[in-house]
Amino acid sequence: MTVGKALLMRVALSLLAVLAVGVSSAAPAHSRNWQAIDALRQRLEAKGARVVQRDCDSLPRVQGLYHRPSDQIVICRVHQNPAAVWDTLAHEAAHRMQACYGRSLTRPALHRQMARTLARRYPHELASLQLYPASRRLSELEARYTAKLDPDQVLNLFQRYCG
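Residues numbered from 1 in each chain as written. Predicted model: local features only at pLDDT ≥ 70, side-chain atom pairs only at ≥ 80, totals over all residues. Heavy atoms only, no water.

Student: Looking at this structure, how should I read the side chain of glutamate 142?
Tutor: Tracing the chain through its elements places glutamate 142 in helix 6 (residues 134–147). No salt bridge is formed by the buried glutamate 142; its nearest oppositely charged neighbour, arginine 103, is found at 9.1 Å. Within the structure, glutamate 142 has its side chain in polar contact with the side chain of serine 104 (distance 2.5 Å). Side chain to side chain, glutamate 142 and threonine 106 meet in a polar contact 2.6 Å long. (Helix = DSSP H or I, 4+ residues; strand = E, 2+ residues; numbered from the N terminus. Buried < 20%, exposed > 50% of the residue type's maximum accessible area, 1.4 Å probe, protein only. Lys, Arg positive; Asp, Glu negative; His and termini not counted. Salt bridge = Lys/Arg side-chain N within 4 Å of Asp/Glu carboxyl O. Polar contact = N/O pair within 3.5 Å; in protein donor to acceptor, adjacent residues only side chain to side chain.)

Student: Help me understand the layout of surface pockets, please; the structure alone is not making it clear to me.
Tutor: To find leftover empty space, a probe the size of one water molecule is rolled over the atoms. As a volume, the largest pocket reaches approximately 1000 Å³. Around the largest pocket sit 41 residues that line it, and His91, Glu92, Tyr132, Glu140 and Arg144 are the ones nearest its centre. Contributing elements (two or more residues each) for the lining of the largest pocket: strand 2 (64–67), helix 3 (82–101), helix 5 (123–128) and helix 6. Tallying contributions element by element places helix 3 first for the lining of the largest pocket, with nine residues. (1 Å grid on protein atoms, 1.4 Å probe; cavity = no way out; pocket = protein on both sides within 12 Å on 5 of 7 lines; lining within 4 Å. Points joined across faces, edges and corners; volume = space filled by probe spheres on them.)

Student: Would you mind showing me how to read the nonpolar core here?
Tutor: As a rule of thumb, soluble globular proteins bury nonpolar side chains together. Judged by nonpolar contacts, the single largest core of 33 residues is most densely connected at Leu40, Leu44, Ile73, Trp86, Leu89, Met97 and Val154. With seven residues, the single largest contributor to this core is helix 3. (Core = buried A, V, L, I, M, F, W, Y, C linked by side-chain atoms within 4.5 Å.)

Right, here's the structure in full:
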């Protein structure tokens, strides 16, 4: 095994460990508060992403989006509480991490486990993947999975993938 492959394997295994522990022991909603939101927003902006809040009336059912060409995250004004804002911001931050890394964050061998975990704990999240073209389902699976992690874990992943 080459040094590059060994390093990639270690990164993938450490991501699995963080992800597996994070979702299996998901933090209570109170940890997904305005302080956590501000911390992630500040990290995103420090690395060049612009985070904005907008009305998204022209995009029904959309809660947020990451626009890669402009490096902008939009959080739609549809959320009822900080936990919902956190979920959307962490989801879009995962897409930013994918852009930083240049590809999927996880090894293919982990995708089924991620899907099973979402199916068990957040079945609506897994079901919503069917709304996307097949080419985007993996990136959406990773984003939905990441959004369910504890804020500290999301911040650590952001540091790992975006510096």
